[in-house]
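Read off the chains here:
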Amino acid sequence: MLDIQNLRVTYGTGRLQVDAVKDVSFHVGTGEAFGLVGESGSGKSTVLRAICGLAPISGGRVLVDGREVPTPRDKAFYRTVQMVFQDPYASLHPRHTVDRTLSEPLAIHGEKDAETRIAQALREVGLGPSFRFRYPHQLSGGQRQRVAIARALLLRPKVLLLDEPTSALDASVQAEILNLLDELRRNLGLTYILVSHDLAVVAHLCDRLLVMRHGETVEETTAAALRTNQAASDYTRSLINASQGFSRDAARPESALTR
Amino acid sequence: MSSAASLPQPAGLRAWLLSPEPTSRWQARLGRAYLGWRTFTKNPLAVFGLGIVLLLLLVALFANFLAPYSPVTGGDLRTARLLPPSAAHWFGTDDQARDIYSRVIYGSRITLWVVLLVSVIATPIGLLIGTVSGYLGGWVDTVLMRLTDIFLAFPRLVLALAFVAALGPGIENAIIAIAITSWPPYARIARAETLMIRNSDFIAAVKLQGASTPRIIFGHVVPLCVSSLIVRVTLDMAGIILTAAGLGFLGLGAQPPMPEWGAMVATGRNYLIDQWWVAAMPGLAIFVVSLGFNLLGDGLRDVLDPKAAK
Amino acid sequence: MTTKPLLEVEDLRVRFHLRTGTVEAVRGVSFTLGRERLGIVGESGSGKSQTGRAILGLTPPPGEVIAKKLTFDGIDLLTASKRTLRTLRGGRISMVMQDPKYSLNPVMTIGEQIIEAYQAHTRSGRAEARDKALAMLEAVKMRDPARVFSLYPHEVSGGMGQRAMIAMMLVTDPDLLIADEPTSALDVTVSMEILRILDELVAERGMGLIFISHDLKLVSSFCDRVLVMYAGRVVEELEAKNLREAKHPYTQGLMRCLPTLANDVRPLPTLSRDPAWAQ
């Protein structure tokens, strides 16, 4: 479904040149969920932004369905690939009602049947019709993220790019959104690329993942390997350790309990 | 915002307006407007300002009925010249034996006309240039902003004078001159706002839905810039009225015998010591209306400032 | 731990009088703190941060703080004069906030800020303050204290900035440190390092620590005791090591709803909020 070959993203020129992503390659099959893990500055979000055209591709190729994506992206691309952003407080237009936000993609692509499709999209993400005419400030963080997911799903894309979709949310809300994403993927046969700094979240949603650091690939591994603590690189192991919580001495028995 | 909204609301209507679950587009919009109105009315000075502006509107509308005399043809030049305020002539009469009260009332039409035309011409120009320049960036931004700088570099009144000198004196030309010189600050404000909005996630999101650039600018960027521009334009109204009056005073705006307030002050200048009312009455009108717009602008800022609104 | 508690809080309430009515962000929180590490956990809007701010007297303007008792080392913080509060704040009680970007002064070097913090609370010469600041930067494991000393906040990374912040807050040898989400803005590996430094310093100096966070797992692995807050109240207080035996459904729900590497639960159990918890 999605092929990333030797992707490079470079900002600036000369002495100010910054290589945000250096030679990253991976393949995501149809219906698969693929994770990109790393700390800030690892270039994981830049990979997503480069795929959808928000960051420039300086080298390498991005193929969707076996075809190289055009620059600038065309409407057909946006019907295939959609994105959900990290901060639901920033990704909804503050002066637009949910209804307006959701009718926008339909209007852009000249789709008919807006009424029923908006109602259906709201149902899909677990929001009732009572949410339709609210403004973002009348919604909680989790509800906003649901609206953002509904917006991304309206055009019936095949690939969903998820940029830290739960990191701005409370733990209990995160669980709800993760369940929703899991369910949507199953029901709609979606392909996911999930970017997150949280190993547990990535392992929960994805089967395979790429660990990145300083714009480079550290290793490609599987969620199963993470769960059994079989990482090839020291860096991944240190990420796993850090995700277990704070420990005064490295091996504290109960630290494995909560996450 | 109609004045009817200030009347006590039945509980049912208020509940409908403030419903957290509006059932239609209109209910959502009206609810929002109602909340804004409530914020606005918290500020008594702003309501006072709105009152003045509404009064100006009504006076201009009903000038025919309110004015007891004709604004242009005076009374008997031998007996009715420069009469002090009295029951017959509330504001006195001027050197042409015209009733100043009637002239001030008719003058409100000219003032309103100026204010209306300037805002209708200058605001869209500023908004368009500012948002396009801020959103597109690059050479478009450079060209448009240098153009703005050129207009900004001229002193407003001097540039207006030059325009009027070139186009010929008259109220329409004065308005055009003021409009042309007042858009650059609006363009700057709109551009600054756009630069902040341009990189936000909700713009990226709509871009990823395949929206065209004009669609993003007009549907998503402009609505967020409009509110701060409205505030700024309202606050500038006082300045515009003063500029118009200034042009009138210099004889380059409204031409006699039009009852333009600035021109009226200019004629009163000759009698300032002995017949103070000739200059003071239109001056007072300018003062009150300017104050009204300023207070209104302050109140609107509280309501519309995106940083204050959650 | 001393017998006399360092901080006593009884029935603390923080109210905000808004146009739409009065909102009580903290509704009757009571606890005592010795020289120990106390964690306060809760989701957004639980009142955990407002509790920390109220202790320091940093409740933002429309807010009002009421308590039956709010004493620090025998000093009543509610009736204390502004002057007393000022010497306490930053002197004997310090606070580390979430993002160093917003809590460090951008136009002063890090060293100058530490010196200023030190001189504000001690009568000391500049040379002494400078030595102390350098020692403090070393204590927070800065690789090159002298260099960091002369850097501006924007020239350092988030992790270094937060270490500088901790150095600044601990330079006056406070008795109580309130850390409000001190590592939430940082990467996991960096935040572990920061916590290790904080842990050592707290243990070394015998300070009391209030660690405020949304991360139940982190707090329980770092603190001795945990208060779980929900809707402005403490719903459960427990020893961190007994977290598994949490009684309250909210605490249990919070623990269960996190995805874990250890076991793969699908779908994740979600939290059904019982209105009775907020009573």
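Residues numbered from 1 in each chain as written. Chains lettered and ligands numbered in written order. Predicted model: local features only at pLDDT ≥ 70, side-chain atom pairs only at ≥ 80, totals over all residues. Heavy atoms only, no water.

**Concerning the pairing of strand β4 (residues 59-64) of chain A**
Residues and elements named next belong to chain A.
Working step 1: Strand direction decides the pairing type here: strand β1 (residues 2-11) and β4, joined by five bridges, are antiparallel. For Gln-5, the partnering residue across the bridge sits in β4 and is Arg-61.
Working step 2: Inspection of the sheet shows β4 paired to strand β5 (residues 67-68) by two bridges, in the antiparallel sense. Across the sheet, Leu-63 pairs through a bridge with Glu-68, a residue of β5. (Pairing = 2+ DSSP bridges. Helix = DSSP H or I, 4+ residues; strand = E, 2+ residues; numbered from the N terminus.)

**Notes on the packing of helix α7 (residues 156-167) of chain B against helix α8 (residues 171-198) of chain B**
Residue and element names in this part refer to chain B.
Working step 1: Packing of α7 against α8 brings their axes to within 9 Å, and their N-to-C directions diverge by 140 degrees. Between α7 and α8, the angle falls in the class oblique. Judged by the sense of rotation from one axis to the other, the crossing of α7 with α8 is right-handed. From α7, Arg-156, Leu-159, Ala-160, Phe-163, Val-164 and Leu-167 reach across to α8, where they touch Asn-173, Ala-174, Ala-177, Ile-178, Ile-180, Thr-181 and Ser-182.
Working step 2: The residue makeup of the contact of α7 with α8, split by class, is nine nonpolar, three polar and one charged. (Axes fitted to C-alpha atoms, helices over the stretch in contact; angles between N-to-C directions. Parallel < 35°, antiparallel > 145°, perpendicular 65-115°, else oblique. Left-handed = near helix turned anticlockwise from the far one by under 90°. Contact = heavy atoms within 4.5 Å. Nonpolar A, V, L, I, M, F, W, Y, C, P; charged D, E, K, R; others polar.)

**So, the environment of Ser102(B)**
Residues and elements named next belong to chain B.
Working step 1: Tracing the chain through its elements places Ser-102 in helix α5 (residues 100-136).
Working step 2: The exposure class assigned to Ser-102 is buried, which follows from its relative accessible area of 0%.
Working step 3: Placed 38 residues apart in sequence, Ser-102 and Asn-64 show a C-alpha to C-alpha distance of 9.2 Å.
Working step 4: Residues in contact with Ser-102, not counting those within four places in the same chain, are Ala-67, Pro-68, Tyr-69, Ser-70 and Pro-71.
Working step 5: Within the local environment of Ser-102, its side chain forms a polar contact with the side chain of Asp-99, the two groups lying 2.6 Å apart. (Buried < 20%, exposed > 50% of the residue type's maximum accessible area, 1.4 Å probe, protein only. Polar contact = N/O pair within 3.5 Å; in protein donor to acceptor, adjacent residues only side chain to side chain.)

**Description of the packing of aromatic side chains**
Each pair of aromatic rings is reported with the distance of its centres and the angle of its planes.
Working step 1: Scanning the entire structure with this criterion turns up ten aromatic pairs over all chains.
Working step 2: Here the aromatic rings of Phe211(C) and Phe222(C) are separated by 5.1 Å at their centres, their planes lie at 40 degrees, and the arrangement is tilted. One end of the pair, Phe211(C), is in strand β9 (residues 208-213); the other, Phe222(C), is in helix α9 (residues 216-222), with eleven residues separating them in the sequence. Like Phe211(C), the residue Phe222(C) is buried in the burial classification.
Working step 3: By the ring-pair criterion, three or more aromatic residues cluster together here, those being Trp90(B), Phe91(B) and Tyr101(B).
Working step 4: The ring of Trp26(B) carries the charged tip of Arg29(B) above its face, separated from the ring centre by 5.2 Å.
Working step 5: The ring of Phe149(C) has Arg130(C) sitting right over it, with the charged end atom 4.6 Å from the ring centre. (Phe/Tyr/Trp six-rings, centres within 6.5 Å; stacked < 30°, edge-to-face > 60°. Lys NZ or Arg CZ within 6 Å of the ring centre and 35° of its normal.)

**Here we look at the interface of chain C and chain A**
Working step 1: With 37 residues of chain C at the interface, the matching set in chain A holds 34 residues.
Working step 2: The contact between chain C and chain A buries some 3,300 Å² in all, and 55% of this surface belongs to carbon and sulfur atoms.
Working step 3: For chain C, the biggest contributors to the area lost against chain A are Lys217(C), Pro259(C) and Leu261(C); these three give 24% of the whole.
Working step 4: Inspection of the region where chain C meets chain A yields two salt bridges.
Working step 5: Among the salt bridges present, the one from Arg266(C) reaches Asp182(A), with a minimum N-O distance of 2.9 Å.
Working step 6: The tally of links from chain C across to chain A stands at eleven residue pairs in polar contact (both at pLDDT 80 or more).
Working step 7: Looking at side-chain class alone, the side of chain C that touches chain A contains 19 nonpolar, seven polar and eleven charged residues. (Buried area = accessible area lost by both parts, 1.4 Å probe. Salt bridge = Lys/Arg side-chain N within 4 Å of Asp/Glu carboxyl O.)

**Here we look at the sheet that holds β5(A)**
All names here are of chain A.
Working step 1: In spatial order, the strands read β2-β1-β4-β5; together these four strands make up an open sheet with antiparallel pairing. What marks the edges here is a single partner per strand, and that holds for β2 (18-28) and β5.
Working step 2: Lying on the sheet, helix α1 (residues 44-51) is in contact with β1, β2 and β4; it crosses β1 at an angle near 110 degrees.

**Re the packing of helix α10 (residues 213-249) of chain B against helix α12 (residues 277-304) of chain B**
Any two packed helices are characterised by how steeply their axes cross, that is the angle between the axes, and by the distance between the axes.
All names here are of chain B.
Working step 1: Running from amino to carboxyl end, α10 crosses α12 at an angle of 170 degrees, the nearest separation of the two axes being 8 Å. For the element pair α10 / α12, the angle class is roughly antiparallel. Contacts between α10 and α12 involve Ser-227, Ile-230, Val-231, Thr-234, Leu-235, Met-237, Ala-238, Ile-241, Leu-242 and Ala-245 from the first element and Ile-286, Val-289, Ser-290, Phe-293, Asn-294, Leu-296, Gly-297, Asp-298, Leu-300, Arg-301 and Leu-304 from the second.
Working step 2: Along the lines of polarity and charge, the residues of the contact of α10 with α12 split into 14 nonpolar, five polar and two charged.

**A few points about the pairing of strand β3 (residues 33-37) of chain A**
All names here are of chain A.
Working step 1: Most of β3 is tucked away: five of the five residues are buried.
Working step 2: Side chains Ala-33, Gly-35 and Val-37 of β3 all project onto a buried face; the interleaved residues Phe-34 and Leu-36 project onto the opposite face, where all are buried too.
Working step 3: Direction of pairing for β3 relative to strand β8 (residues 191-196): parallel, over a ladder of five bridges. Counted as the bridge partner of Phe-34 is Ile-193 from β8.

**Focus on the confidence of the model for chain B**
Working step 1: Model confidence for chain B is summarised by a mean pLDDT of 85, while 95% of its residues fall at 70 or above.
Working step 2: Looking across chain B, the model is least confident in helix α1 (residues 11-17) of chain B, with a mean pLDDT of 76, and most confident in helix α9 (residues 201-207) of chain B, with 93. (pLDDT = per-residue confidence, 0-100.)

**Things to note about the sheet that holds β8(A)**
Residues and elements named next belong to chain A.
Working step 1: Taking strand neighbours across the sheet as the criterion, the six strands line up as β6-β7-β8-β3-β9-β10 in an open arrangement whose pairing is mixed. In this open sheet, the two edge strands, each paired with only one partner strand, are β6 (81-84) and β10 (216-222). For this sheet, the mean inter-axis angle between neighbouring strands, taken without regard to orientation, is 20 degrees.
Working step 2: Sheet analysis places β3 next to strand β9 (residues 208-213), joined by four bridges and oriented parallel. Within the sheet, the bridge partner assigned to Gly-35 lies in β9 and is Leu-209.
Working step 3: On top of the sheet, helix α5 (residues 141-153) reaches β6 and β7 (159-163); it is set at about 175 degrees to β6, its chief contact.

**Here we look at the nonpolar core**
Working step 1: The biggest cluster of nonpolar side chains holds 112 residues, and the ones touching the most others in it are Ile149(A) and Phe211(C).
Working step 2: Those residues in contact with Phe211(C) that sit more than four places away from it in its chain are Leu38(C), Gly39(C), Ile40(C), Ala179(C), Pro182(C), Leu195(C), Leu218(C), Val219(C), Phe222(C) and Cys223(C). (Core = buried A, V, L, I, M, F, W, Y, C linked by side-chain atoms within 4.5 Å.)

**Section: the confidence of the model for chain C**
Working step 1: For chain C, the mean per-residue pLDDT works out to 86, and 99% of the residues sit at or above 70.
Working step 2: Interface predicted TM-score (ipTM) for the complex: 0.87; the corresponding pTM is 0.85.

**Details of the pattern of salt bridges**
Opposite charge on two side chains lets them pair, provided their charged atoms get close.
Residue and element names in this part refer to chain A.
Working step 1: According to the stated counting rule, one finds 44 salt bridges over all chains in the structure shown.
Working step 2: Across the pair Arg-208 and Glu-220 runs a salt bridge, and its minimum N-O distance is 2.4 Å. A residue pair is termed long-range when its members are at least 10 positions apart, and Arg-208 in strand β9 and Glu-220 in strand β10 qualify at twelve residues.
Working step 3: What makes Glu-220 partly exposed here is its relative accessible area of 41%.

**As for a nonpolar patch on the surface**
Residues and elements named next belong to chain B.
Working step 1: Among the surface-exposed residues, Leu-45, Phe-48, Leu-284, Phe-287, Val-288 and Leu-291 lie close enough to one another that they form a single nonpolar patch of about 560 Å² accessible area.
Working step 2: Taken together, the elements giving at least two residues each to the nonpolar patch come down to α3 (44-61) and α12.
Working step 3: Top contributing element to the nonpolar patch by residue count: α12, with four residues.
Working step 4: Summarising the element assignment, Phe-287 is placed in helix α12. (Patch = residues over 30% accessible without salt bridge, like charges linked within 9 Å, V, L, I, M, F, W, Y side chains within 5 Å. Areas by Shrake-Rupley, 256 points an atom, 1.4 Å probe, with all protein chains shown as cover.)

**Focus: α5(B)**
Residues and elements named next belong to chain B.
Working step 1: Taking 1.5 Å of rise per residue, the 37 residues of α5 would be expected to cover 54 Å, and the 53 Å separating its terminal C-alpha atoms lies within 8% of that figure.
Working step 2: Of all 37 residues in α5, 27 are buried, a share of seventy percent or more.
Working step 3: At the C-terminal side of α5, Gly-137 shows a positive phi close to 65 degrees. (Expected span 1.5 Å × (residues − 1).)

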